[in-house]
Amino acid sequence: MCATINKVIDLAKTSGLPLTADHEGRLAFGEGLETVTPAVRRLAEMQEVLMAAGADGPDELYYMYRDVCRVQDKELIAKYGLRYDVTVIRPGQIGREFIKTAGHYHPLKPQTEFSYPEVYEVLAGKAHYLLQTEPDEDGIDAILIEAVAGDKVLIPPGYGHITINPGQEYLIMSNWVAADFSSIYGPIKELGGGAFFEVAADGEDEEFVVNPKYKPTPRLSLQPVKNYPEFGLVSGEPMYQAFLADPDKFTFLTHPEKHF
Ligand SMILES: [Fe+2]
């Protein structure tokens, strides 16, 4: 235990950028990178989406570093209308529930029937991505994808998403997403969280508890991670560098109507 206390996590290999994280999950920005101050998501802001409001947990849950880039790439990223973010989710629990993001949906791209997609890449730790369609009278489609360092997870149009840290380590992940929309947090808040809560269970590694506010009761479909070479997304190949190598492959994020 003591040996890991001051461990620095080197994210260079998985991110393709000179990034490290300290033992409290704070990022340090190396040569050529703009320094970003994170937005902090606190326990008090998450009460509506927890399995057990008021349960004990750490005050600070995750850190959102938005618009991470090398200074020299800023213009190209802006030209493509994209944003590259890094999110750090601390390990631990709120009551029995593993620490997770608040969860949101993306709006439809104007004049289309497609919501904006997004892509995640795990830089360190283990992630569970809960993807779910918007609730209607038929219920929802819920998918769980486990990903580890190097893996990419695509959030397709039509799906909202929540990221859970089920591990003992900091979960550090990056995402590429269209820069010019605001996420929609209301529906998941109104339903008291996502369709499933992941909890630490005695004698088992993990367990998913269905959220009783979702009717009819949803099923959780476990799906493996995949590569999407047509979008520049291949496990083990940093997607920041993949964008630089072939930025046109990433237009699926801003033009979903042409790719899905
Ligand atoms: Fe998102």
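Quantities reported herein were computed from a predicted structural model and do not represent experimental measurements.

Asker: I tried to follow the overall build of the chain on my own but got confused; where do I start?
Answerer: Each helix and strand in the chain was counted, giving four helices and 17 strands. Relative to its length of 260 residues, the chain is compact, with a C-alpha radius of gyration of 18 Å against a globular reference of 18 Å. In terms of principal-axis extent, the alpha carbons of the chain reach across some 55 × 50 × 30 Å. Taken across its 260 residues, the chain has 38% of its residues classed as buried. Taking the intrachain contacts of the chain between residues at least 6 apart in sequence as the baseline, contacts between residues at least 24 apart amount to 69%.

Asker: Before we go on, may I ask you to explain the sheet that holds strand β3 (residues 27-29) in this structure?
Answerer: Note on sheets: strands pair through backbone hydrogen bonds, and any given pair is parallel or antiparallel. If you trace the three strands from one edge of the open sheet to the other, you get β1-β2-β3, paired in antiparallel fashion. Only two strands of the sheet have a single neighbouring strand rather than two, namely β1 (9-10) and β3.

Asker: Please clarify how the nonpolar core should be interpreted in this entry.
Answerer: In globular proteins that are soluble, nonpolar side chains generally tend to be buried together. Leu82, Val88, Tyr129, Ile172, Trp176 and Leu253 are the most contacted members of the largest nonpolar core, which totals 66 residues. Sort the elements by how many residues they give to this core and strand β14 (residues 171-178) lands first, with six residues. Excluding residues within four positions of it along the chain, Val88 makes contact with Ala21, Gly25, Leu27, Tyr62, Tyr63, Tyr170 and Ile172.

Asker: Sorry if this is basic, but what is going on with unusual backbone geometry here?
Answerer: With glycine set apart, most residues show a phi of negative sign, and most peptide bonds adopt trans. Residue Pro216 follows Lys215 across a cis peptide bond; omega there is -10 degrees. Residue position: Pro216 is located in the loop between β16 (207-210) and β17 (220-223). Positive phi outside glycine occurs at Asp67, with the angle close to 65 degrees. By the secondary structure assignment, Asp67 is in the loop between β5 (60-65) and α2 (74-79).

Asker: Would you mind going over the environment of Val210 with me for this structure?
Answerer: Mapping Val210 onto the fold places it in strand β16. Spatially, the C-alpha atom of Val210 lies 23 Å from that of Leu171, the residues being 39 residues apart in sequence.

Asker: In this structure, what is going on with the environment of Met173? I would like to understand it.
Answerer: Within the secondary structure, Met173 sits in strand β14. Given 26 C-beta atoms within 10 Å, Met173 falls into the buried group. When sequence neighbours within four positions are dropped, the list of residues in contact with Met173 reads Thr87, Tyr120, Glu121, Val122, Leu123, Ala127 and Thr163.

Criteria and thresholds
- In this convention, every chain numbers its residues from 1, walking through the sequence in written order.
- Totals for whole chains, interfaces and linings use every residue, but because this is a predicted model, local features are given only for residues with pLDDT of at least 70 and side-chain atom pairs only at 80 or more, for both listing and counting.
- Under the DSSP-based scheme used, a helix requires at least four consecutive residues in state H or I and a strand at least two consecutive residues in state E, with every element numbered from the N terminus.
- Computation of the radius of gyration draws on C-alpha atoms, with the globule rule given as 2.2 Å multiplied by the number of residues to the power 0.38.
- Exposed residues have 12 or fewer other C-beta atoms within 10 Å of their own C-beta, buried residues have 20 or more, and residues in between are partly exposed; the C-beta atoms are placed from the backbone.
- We call two residues in contact if the C-beta atoms placed from their backbones are at most 7 Å apart.
- When DSSP finds at least two bridges between two strands, those strands are taken to pair.
- Working definition: the nonpolar core is a set of buried Ala, Val, Leu, Ile, Met, Phe, Trp, Tyr and Cys residues, joined through C-beta atoms within 7 Å.

Geometry only, nothing functional implied.
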